[in-house]
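Understanding the architecture of this molecule
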Amino acid sequence: MVDTSLSPVHVIGGGLAGSEAAWQLAQRGVPVVLHEMRPVRPTEAHSTDQLAELVCSNSFRSDDAEYNAVGLLHEEMRRCGSLILRCADAHKVPAGGALAMDRDGFAGAVTEAITGHPLITVERGEVAGLPPEAWDSVVIATGPLTSPPLAEAIRSFTGEESLAFFDAIAPIVYLESVDLSKAWFQSRYDKPGPGGTGKDYINCAFEKDEYRAFIDALLTAEKVDFKEWEKSTPYFEGCLPIEVMAERGIDTLRYGPMKPVGLTNPHKPERRPYAVVQLRQDNALGTLYNLVGFQTKLRHAEQTRIFRMIPGLEKAEFARLGGLHRNTFLNSPRLLDGALRLKAQPRIRFAGQVTGCEGYVESAAVGLLAGRFAAAERLGGEPSAPPVTTALGAILGHITGGANADTYQPMNVNFGLFPPVDERIRGRDRKLAYTRRALEDLEGWLKAAPAVAV
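Given the structure is predicted, the values throughout are model-derived calculations rather than measurements. (Residues numbered from 1 in each chain as written. Predicted model: local features only at pLDDT ≥ 70, side-chain atom pairs only at ≥ 80, totals over all residues. Heavy atoms only, no water.)

So, about the nonpolar core. One recurring pattern in soluble globular proteins: nonpolar side chains tend to sit buried together. Counting residues in hydrophobic clusters, the biggest one holds 94 residues, and the most contacted among them are Phe-60 and Phe-106. Judged by nonpolar contacts, the second largest core, of 33 residues, contains Phe-206, Leu-240, Ile-306 and Leu-321. (Core = buried A, V, L, I, M, F, W, Y, C linked by side-chain atoms within 4.5 Å. Buried < 20%, exposed > 50% of the residue type's maximum accessible area, 1.4 Å probe, protein only.)

Let us now look at the packing of helix α2 (residues 69-79) against helix α10 (residues 360-378). Their axes nearest at 10 Å, the elements α2 and α10 cross at an angle of 35°. Crossing angle aside, the handedness with which α2 passes α10 is left-handed. Contacts from Val-70, Leu-73, His-74 and Met-77 of α2 reach α10 at Val-361, Glu-362, Ala-364, Ala-365 and Leu-368. Across the contact of α2 with α10, the residue classes break down as 7 nonpolar, 1 polar and 1 charged. (Axes fitted to C-alpha atoms, helices over the stretch in contact; angles between N-to-C directions. Helix = DSSP H or I, 4+ residues; strand = E, 2+ residues; numbered from the N terminus. Left-handed = near helix turned anticlockwise from the far one by under 90°. Contact = heavy atoms within 4.5 Å. Nonpolar A, V, L, I, M, F, W, Y, C, P; charged D, E, K, R; others polar.)

We now examine the packing of aromatic side chains. Going through the model one piece at a time under the given rule, you end up with 12 aromatic pairs. Between Phe-206 and Phe-214, the ring centres sit 5.2 Å apart and the planes meet at 45°, which makes this aromatic pair tilted. According to the relative accessible area criterion, Phe-214 is buried, its value standing at 0%. Among the aromatic side chains, those forming a connected cluster through ring pairs are Phe-206, Tyr-211, Phe-214, Tyr-274, Phe-294 and Phe-307. Positioned above the aromatic ring of Tyr-274 is the side chain of Arg-254, whose terminal nitrogen or guanidinium carbon lies 3.9 Å from the ring centre. Over the ring of Tyr-67 we find Arg-428; its NZ or CZ atom is 3.7 Å from the centre of that ring. (Phe/Tyr/Trp six-rings, centres within 6.5 Å; stacked < 30°, edge-to-face > 60°. Lys NZ or Arg CZ within 6 Å of the ring centre and 35° of its normal.)

The subject of this paragraph is the side chain of Gln-186. Mapped onto the elements of the fold, Gln-186 is located in the loop between β10 (184-185) and β11 (201-206). Reaching out from Gln-186, the side chain makes a polar contact with the side chain of Asp-190 at a distance of 3.1 Å. Setting aside residues no more than four positions away along its own chain, Gln-186 makes contact with Gly-198, Lys-199, Asp-200, Tyr-201, Asn-203, Gly-262, Leu-263, Thr-264 and Gln-278. (Polar contact = N/O pair within 3.5 Å; in protein donor to acceptor, adjacent residues only side chain to side chain.)

Its place among the elements puts His-35 in strand β2 (residues 32-36). Judged by its relative accessible area of 6%, His-35 falls in the buried class. Only 2.9 Å separates the side chain of His-35 from the side chain of His-10, close enough to count as a polar contact. Among residues more than four places away in sequence, those in contact with His-35 are His-10, Val-11, Ile-12, Gly-13, Gly-14, Glu-123, Val-127 and Trp-135.

What follows deals with the confidence of the model for the protein chain. With 87% of its residues at a pLDDT of 70 or more, the protein chain shows a mean pLDDT of 87. Per-element averaging of pLDDT across the protein chain places strand β8 (residues 163-169) at the bottom with 54 and helix α1 (residues 16-27) at the top with 98. (pLDDT = per-residue confidence, 0-100.)

This paragraph deals with the sheet that holds strand β12 (residues 275-281). Here we have 6 strands laid out as an open sheet, ordered β10-β11-β12-β13-β9-β14, and antiparallel in their pairing. Both edges of this open sheet fall to β10 and β14 (318-320), since each of them pairs with a single strand only. In terms of strand pairing, β10 meets β11 through 2 bridges, oriented antiparallel. Residue pairing in the sheet places Phe-185 in a bridge with Ile-202 of β11. Along the sheet, helix α6 (residues 208-220) makes contact with β11 and β12, crossing β11 at roughly 95°. (Pairing = 2+ DSSP bridges.)

Judged by pairing direction, the sheet is mixed, and its 6 strands sit side by side in the order β6-β2-β1-β7-β17-β16 without closing on themselves. A single partner strand is all that each edge strand has here, and the edge strands are β6 (120-124) and β16 (341-342). Sheet analysis places β16 next to strand β17 (residues 345-350), joined by 2 bridges and oriented antiparallel. Looking across to β17, one finds that Arg-341 is bridged to Arg-349.

Okay, the pairing of β12 next. Within a regular strand, side chains alternate between the sheet's two faces. Across the 7 residues that make up β12, a large majority, 5, are buried. Two elements, β11 and β12, share 6 bridges in a ladder whose sense is antiparallel. Each bridged residue has a counterpart across the sheet, and for Phe-206 the counterpart in β12 is Ala-275. Across 3 bridges, β12 lies against strand β13 (residues 288-291) in antiparallel orientation. When the bridges of β13 are listed, Arg-280 appears paired with Asn-290. Joining the antiparallel neighbours β12 and β13 is a turn of 6 residues, in which Gly-286 adopts a positive phi near 75°.

Here it is, written out as structure tokens:
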């Protein structure tokens, strides 16, 4: 039975995250006003007024729920009644092991479902600033192309300088793929730092000839061009692409992020390294490490080839490759609580890419959670977070506290965000252990969740 006395929850943004949040709310009997600024105010990337328009790839990546983290996320979302996954499945096109879809059919199906739901009202027009105080429950899901007035209002309110600039995304590797017979743990000058031990970095040392070959590879590698609408946003000098630094001189990196000072290679203690790449812990579990100072515009295949030239990373497996692009996202570990509420103003939730999750599916997944959390509150209950052993719980945990707030950058879902399984389980069996545990724990969470109202 739907409670007709409930006031609506306002969802700002009709992309994947906003559409999913609105659907989850309405399916639980909560009325929704979904605000989408298109076509009243267009964006540089969209070409239609459809909800959930896919502006880049038409793929949700791997659909393998047994051995792939994003495939697992697909399956978890299906079990949670995701509109986005339902429409993707209905409009899928051949793509090997990936879930790809017909763009127009997919967006049309989402738009039809949202506009046809009796509890959802779609209002076209820009929300130019922080939501009015009268809106006591709001989900902001405006993505990387948040309108300038709203972006500025968020920036001013939160005090976070994280909007409309080229953010530096460093590659991230799985710790278990680093060859520690060549690399070693040590901080510069053995300084422990806040919460550290003096062995807080993984260090990979170059000989002179290895370094020269690495620089040559950087200078001749194939790079990605910016989109036209990104070209007007300047670099910050502090986050130049590594290949741009290399162009400034052969020793620029050796005197910058790859300086070898304060470090002793225990595998070759008789001489100082010529240059050193440092890897810094990237998540609270200590399963992921990022390459310090390695923001880049190299194509992904080039990154894999060149970064495996680094001693100790010859067999590195990457949880995320590097990049440098215009983005709009919050420092979520600092600003949001575990239910995606803005700590300074809990009536406002954030969802989707604006929280710092990366990728279509992750964006929709965080929208799903935001919708479920907001619905629970509106119905007089408390938000219930999914177990951290699930893909949903892992991405939520990362963006709301598992990541380091000082170095927070967008992240796709990957097994490095999950609590480890038995370390004796290796290879494909290890991935299967993650997914089986996740789906079992998800079922327990869903059984305890309130029933869908309509």
